[in-house]
There are 6 protein chains.
Amino acid sequence: MTDITRADGRRVDELRTVTIERGWSSQAEGSALVSFGGTKVLCTASFTNGVPRWLVGKGKGWVTAEYAMLPRATNSRNDRESVKGKIGGRTHEISRLIGRALRAVVDTKALGENTIVIDCDVLQADGGTRTAAITGAYVALADAIEWGRGKKFIGQKTQVLFDSVSAVSVGIIDGEPMLDLAYVEDVRAETDMNVVVTGRGLFVEVQGTAEGAPFDKRELDALLQLGVDGCASLRDIQAGVLAPSGE
Amino acid sequence: MTDITRADGRRVDELRTVTIERGWSSQAEGSALVSFGGTKVLCTASFTNGVPRWLVGKGKGWVTAEYAMLPRATNSRNDRESVKGKIGGRTHEISRLIGRALRAVVDTKALGENTIVIDCDVLQADGGTRTAAITGAYVALADAIEWGRGKKFIGQKTQVLFDSVSAVSVGIIDGEPMLDLAYVEDVRAETDMNVVVTGRGLFVEVQGTAEGAPFDKRELDALLQLGVDGCASLRDIQAGVLAPSGE
Amino acid sequence: MTDITRADGRRVDELRTVTIERGWSSQAEGSALVSFGGTKVLCTASFTNGVPRWLVGKGKGWVTAEYAMLPRATNSRNDRESVKGKIGGRTHEISRLIGRALRAVVDTKALGENTIVIDCDVLQADGGTRTAAITGAYVALADAIEWGRGKKFIGQKTQVLFDSVSAVSVGIIDGEPMLDLAYVEDVRAETDMNVVVTGRGLFVEVQGTAEGAPFDKRELDALLQLGVDGCASLRDIQAGVLAPSGE
Amino acid sequence: MTDITRADGRRVDELRTVTIERGWSSQAEGSALVSFGGTKVLCTASFTNGVPRWLVGKGKGWVTAEYAMLPRATNSRNDRESVKGKIGGRTHEISRLIGRALRAVVDTKALGENTIVIDCDVLQADGGTRTAAITGAYVALADAIEWGRGKKFIGQKTQVLFDSVSAVSVGIIDGEPMLDLAYVEDVRAETDMNVVVTGRGLFVEVQGTAEGAPFDKRELDALLQLGVDGCASLRDIQAGVLAPSGE
Amino acid sequence: MTDITRADGRRVDELRTVTIERGWSSQAEGSALVSFGGTKVLCTASFTNGVPRWLVGKGKGWVTAEYAMLPRATNSRNDRESVKGKIGGRTHEISRLIGRALRAVVDTKALGENTIVIDCDVLQADGGTRTAAITGAYVALADAIEWGRGKKFIGQKTQVLFDSVSAVSVGIIDGEPMLDLAYVEDVRAETDMNVVVTGRGLFVEVQGTAEGAPFDKRELDALLQLGVDGCASLRDIQAGVLAPSGE
Amino acid sequence: MTDITRADGRRVDELRTVTIERGWSSQAEGSALVSFGGTKVLCTASFTNGVPRWLVGKGKGWVTAEYAMLPRATNSRNDRESVKGKIGGRTHEISRLIGRALRAVVDTKALGENTIVIDCDVLQADGGTRTAAITGAYVALADAIEWGRGKKFIGQKTQVLFDSVSAVSVGIIDGEPMLDLAYVEDVRAETDMNVVVTGRGLFVEVQGTAEGAPFDKRELDALLQLGVDGCASLRDIQAGVLAPSGE
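Note that this is a predicted model, so its numbers are computed, not measured. (Residues numbered from 1 in each chain as written. Chains lettered and ligands numbered in written order. Predicted model: local features only at pLDDT ≥ 70, side-chain atom pairs only at ≥ 80, totals over all residues. Heavy atoms only, no water.)

Right, let's talk about the pairing of strand S6 (residues 165-173) of chain D for a bit. Residue and element names in this part refer to chain D. When you tally the buried positions in S6, you get nine out of nine residues, the bulk of the element. Neither face of S6 is exposed, since Val-165, Ala-167, Ser-169, Gly-171 and Ile-173 on one face and Ser-166, Val-168, Val-170 and Ile-172 on the opposite face are all buried. As defined by bridge partners, S6 adjoins strand S8 (residues 191-198) across eight bridges and the pair is classed as antiparallel. By the bridge assignment for S8, Val-168 is matched with Val-195. By the bridge criterion, four bridges tie S6 to strand S7 (residues 176-179) in an arrangement that is antiparallel. Within S7, the residue paired with Ile-173 across the bridge is Glu-176. Between S6 and S7, which pair antiparallel in sequence order, lie two residues; one of them, Asp-174, sits at a positive phi of approximately 50 degrees. (Buried < 20%, exposed > 50% of the residue type's maximum accessible area, 1.4 Å probe, protein only. Helix = DSSP H or I, 4+ residues; strand = E, 2+ residues; numbered from the N terminus. Pairing = 2+ DSSP bridges.)

Encoded structure:
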């Protein structure tokens, strides 16, 4: 780590200000408005008793996610995907990533034949929307599971979540590995990576892409370490918000 | 007016708590997060220098609107229109209504060859989403026009808005005309009406529908009066928010 | 009322020539080819024993409508919505309006678990297509109900229609309220309103829009009166066509 | 030919009653409401000065056609293709057939850089809708060309149509070749064929399909002869309608 | 027949080199990679026990086909229909043609309640793709039926195929009827025809289109004869490939 | 590495039989039919002089890719995305991955204002389709660049490709890291990773996903090493095929 200072004054290994407003929605069974600096994502969890047809009778539940961005979340307006009549590749890809990340910490047998759909809608985008979404979605998911327990769709002592999960972006800018890229950093990054890590520090997903020059093993290791440490901080923030005194 | 008390304790001619958080978005040229009780709509205004091809060279600007609802804005989750691949009739209808309402107070010649797109995204729905959207959209629009003035796309002394505009729902429940229906009231209403009224008290739009028994002229008049009075209150709230001290 | 004469020689409170050719189709259970001057709409009613899945077992029937325009109904050709792959907002909006108008006079319990779909296809358009559609659709609906009675899907003495329904457009042109606008009038109207009125003279729907200057209560009242009177004439024409001697 | 009598009393080599109501539409540059017995197709021709981008500057015009059926043209209602969001294979196939048939008699160089779109909308279907459409479309096309001549988009002495074109269905039922099948015949036919023939008796299109048993050369020859003779009668009806005294 | 020599050295009545690689796919129940000169089509047959809902309980099977072309099968790249979000008319038309051709030789009662879907994907296109597809599809179909017999979904002695089927294109170029047109010939043809003929020499489908000048009966007869003879050769190639020693 | 033997007899660090049939297509400017065991992907490269509108005048070229699978490439048939009318998330994701992988070794300035579209169509799927696609696409790309050079769209001495690129899948099965998973292995893998590596051994993309238990750093390192070694072998195969003597 060097003592380079970033545009917003952060150290290279420092997260932006992260806040998680648990229970933002009065309609959903679980919800969180998560902010990573200027990135704001509304995560809602919808709990339904029952599963999709293809899972009926298997004694397992289903957790899935959908990601979308409001048209003016970004600096210039994007056409709505509903108006275009189709969902773009990026949207699909991120929705699938969030779903996989959450399922990695869910015991679907313990969930029973219940379905939880997590919607992650980006209200404002400033880099790292998918990682903020995963981090907030976990909180909404945890609350939806408790709601299901309260309604007796899930047993009182059944442990559905066997770990927590969070995510953060890391990247190499001007040769320097950095944590939690803001948009102005993201567009300049030579290598861009998202890591999804459990509360216990294990990897769920590692997605690294050379946007400019390809990267070597040493750079990859540095990025992974930054990501693992960043996720440990996010795990603590999640735990604080979900703690009884955090409500 | 009778002294009937409503489920949430309001008088029949009383608005819900209305708040308008001006400048909610740091990305858009104008924005407002408007709440009518539990209904919350994020309105962003996107200003672009230039007009759609079919308007080029006519010396006039263009104002349009798009309305949408997050999938879990409501009590049970709705599939995304982007996933379904098409926009429903209700969404289309409301987008068109909002656009017409705003254009009714805009001097498009004064706006010059500039385009303003207003996005109204319902984050949480509890009845009256289209009227809240119009009321908040006006604030976002006013700020986007000032932004354009600051950028010299609009002349310093040009009056683009010649009036303000707001909207409210009214309806007849158990024979009683009421103002600003919450969702539980809306589903029970025999007649449901939305009125869009300018700051000077003139009608821009009147849309009344008998959901149950058809209505007579006397009932229609009572509803219109409630609506005009409600819009006068909304106009004052808009003016307060937009006043220099309201920033 | 003034003695202004309109482009086609009508008085301001005069309908265009209205004809309803009952039973135009030899395929549908009910049908009518309705003309309001140059506007011609083919209305067919399709009767099906049974209801959509979401209504099964509730002892109620379902009436719905679809509106569409042939590509060359208008002065210049419009692309087909089937070719564009999506239905426009205007089409959706009018289909919903026609459906609501018809359901307002139908006792769905008396209809029993039967479905009637009314298709209103504009063969030629010269203003007022939605109001002509409602007026003709009522005749097609009445005949489809009688067909269902003949087939014993509806009891011999059951009264399904408790009133009739018709619709007409009204508008303000050069400050003057006028009845049943032709296309050349419609494009010039400052205010445009559609009223849907039952045979007994009650309002089912009132949709008024300021296309130019907003309107005041006095103008609104004048338009409503013109509309109510126009619908009374349309009701008489419907009754004449449906009378046994009218066949 | 045998002296078999058909369900509707016709001889095997007899057309149904064919009528062509020229100039049915007051909006289109050419139009015809054509009936082959219970089959009724509204054909409108839309003339535009100019050609699609890919033809610009080649000194040639463009003629194309679109075919569609109203949802209740048939005995039971079909969902609208605009509602389904896509056009079926049958619709596509027939639209292409009509376009090819018309282009076979048009000198596109003589037409100049003008476009004519023919819309064929089936208002009522009782077999042979595509052949009725071609037969009516020719009349609408001829009138649209004359309209273009009147507007000086086409030279006064330029011959754009070098022949006429019509079409008829033929088929084998119970081993017997028959002309112009009504719907009840069409569903029973072992072989079904559509022939498109010019006024001079040349083939533009021959489309024969074994719906049941495959057919041999002798049967094919019998069907072709019936079709050629039927088209000769249709050519005479077209000529009568288009003759100056036919207006 | 004249002794004209074609661009590729063939006689006017000569097929291109035809090869059928039976069992190309290790995944499908039946498959064939068919080549007609430079045209290469991969045909796979998917056998499913059971039928579509609308056929259940009728004791009959279902055979259907889908045709598509890879984007760079042709000399210049075409956009994917999946990317465009809709299937073109040509694709639909050919899929329907292949399905009809195959069903003409299948005894669907003998097939029992089983479904066979034939996919014909054009890997490389040089004219005659639809006729190569039909010819190859028959081989894939025959193998899928044998697969079903091996799995006891079809009785050991049940004859499902009562004839074979193949197809070839014919056309008139510079006034000369020719067999099996390559792409460079196809674009120059005045008349283009596809004939689908059974192994016994009966017609299943005849589709002739005048691309340039209309054609007369004598020309039609010459084309039909060329087509029948070409299909006889294709039948022999199919039989050779399907013969036990052909494996 | 252990001496575990896999279902197909391979060692854990052994590739399947890899073949690359260069120039398979006679239509495309570059092409390769690549096989990784039972996985067969046809890669075609389409070279166009010029760039998409948004790149015009920037002096840079464009390389993009589209991936798709034939409906019966897999063990059971999948519906066509063209028939469903939309592209699935998986297809989008892989198309984007292939495009990024290729662009990582292309100097777009050296390419000049030319566009190369690589189509990767999976003819048969047995695991690792995306990695086979990248590996074959590089060969097709290299040939398309040479084609462009031959046509003088690219300078004779300009180096457009500054490295080669290939890809392979790795995964952990029963706790054992393995190279190049076949389908039966892929479905059982606890962790699944795709690595895209340049000829010089640098990473372009690393995508690892825990399908079962999350993975730790040691496992990640083992997988990366296997992937780097596998890509080195693929690089040698590519080089052999592209070498002058390989033609």
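There's more to say after this.
According to UniProt, the "binding site: phosphate" (unreviewed entry) feature falls on Arg-90, Gly-128, Thr-129 and Arg-130 of chain A. Spanning 41 residues, the annotated positions come together in the fold, the maximum distance between their C-alpha atoms being 13.4 Å. Counting through the fold element by element, Arg-90 of chain A comes out in helix H2 (residues 89-103). Dropping the residues within four chain positions of it, Arg-90 of chain A is found in contact with Tyr-67, Met-69, Thr-129 and Arg-130 of chain A together with Arg-96 of chain F. (UniProt positions renumbered as here; feature names shortened; annotations may be inferred. Contact = heavy atoms within 4.5 Å.)

Let us look at the sheet that holds strand S3 (residues 39-49) of chain D. Residues and elements named next belong to chain D. The mixed open sheet is built from five strands, whose spatial order is S1-S2-S3-S5-S4. Pairing within the sheet leaves two strands with one partner each, and these edge strands are strand S1 (18-22) and strand S4 (62-69). Averaged over all pairs of adjacent strands, the angle between strand axes in this sheet comes to 15 degrees, irrespective of strand direction. As defined by bridge partners, S1 adjoins strand S2 (residues 30-36) across five bridges and the pair is classed as antiparallel. Following the sheet pairing, Arg-22 is matched in S2 by Ala-32. Those strands touched by helix H4 (residues 129-150) are S1, S2, S3, S4 and strand S5 (114-124), and its axis lies near 30 degrees from that of S3. Strand contacts of helix H6 (residues 217-242): S1 and S2, with the helix running at about 30 degrees to S1, the strand carrying the most contacts. (Axes fitted to C-alpha atoms, helices over the stretch in contact; angles between N-to-C directions.)

As a further point, take the UniProt feature "domain: Exoribonuclease phosphorolytic" (unreviewed entry) in chain A. Residue and element names in this part refer to chain A. As recorded in UniProt, the feature "domain: Exoribonuclease phosphorolytic" (unreviewed entry) lies at residues 14-144 and 164-229. Secondary structure content for residues 14-144 is 30% helix and 32% strand, and the end C-alpha separation is 31 Å. The annotated region residues 164-229 carries 26% helix and 44% strand content, and the separation between its end C-alpha atoms amounts to 15 Å.

Let us look at the pattern of salt bridges. For the coordinates displayed, the defined rule picks out 143 salt bridges over all chains. Two residues, Arg-77 of chain D and Glu-66 of chain C, come together in a salt bridge whose shortest N-O distance is 3.1 Å. Highlighted residues: Arg-77 of chain D in the loop between S4 and helix H1 (81-84) and Glu-66 of chain C in strand S4 (residues 62-69), drawn from two different chains. For Arg-77 of chain D, a relative accessible area of 22% gives the class partly exposed. Here Asp-119 of chain D and Arg-77 of chain C are joined by a salt bridge, their closest N and O atoms 2.5 Å apart. Highlighted residues: Asp-119 of chain D in strand S5 and Arg-77 of chain C in the loop between S4 and helix H1 (81-84), drawn from two different chains. (Salt bridge = Lys/Arg side-chain N within 4 Å of Asp/Glu carboxyl O.)

Moving on: empty space enclosed by the protein. A full pass over the atoms with the stated rule returns five cavities of 30 Å³ or more. Space inside the largest cavity adds up to approximately 60 Å³. Every residue along the wall of the largest cavity is listed here: Leu-70, Pro-71, Arg-72, Ala-73 and Leu-123 of chain E together with Trp-24, Ser-25, Leu-42, Thr-44, Asp-119 and Asp-121 of chain F. Of all the elements in the fold, those that place two or more residues in the lining of the largest cavity are strand S3 (39-49) and strand S5 (114-124) of chain F. Considering only residue class, the lining of the largest cavity consists of six nonpolar, two polar and three charged. The calculated volume of the second largest cavity comes to roughly 60 Å³. For the second largest cavity, the full set of lining residues is Leu-70, Pro-71, Arg-72, Ala-73 and Leu-123 of chain C together with Ser-25, Leu-42, Thr-44, Asp-119 and Asp-121 of chain D. For the lining of the second largest cavity, the elements supplying multiple residues, two or more each, are S3 and S5 of chain D. Along the lines of polarity and charge, the residues of the lining of the second largest cavity split into five nonpolar, two polar and three charged. (1 Å grid on protein atoms, 1.4 Å probe; cavity = no way out; pocket = protein on both sides within 12 Å on 5 of 7 lines; lining within 4 Å. Points joined across faces, edges and corners; volume = space filled by probe spheres on them. Nonpolar A, V, L, I, M, F, W, Y, C, P; charged D, E, K, R; others polar.)

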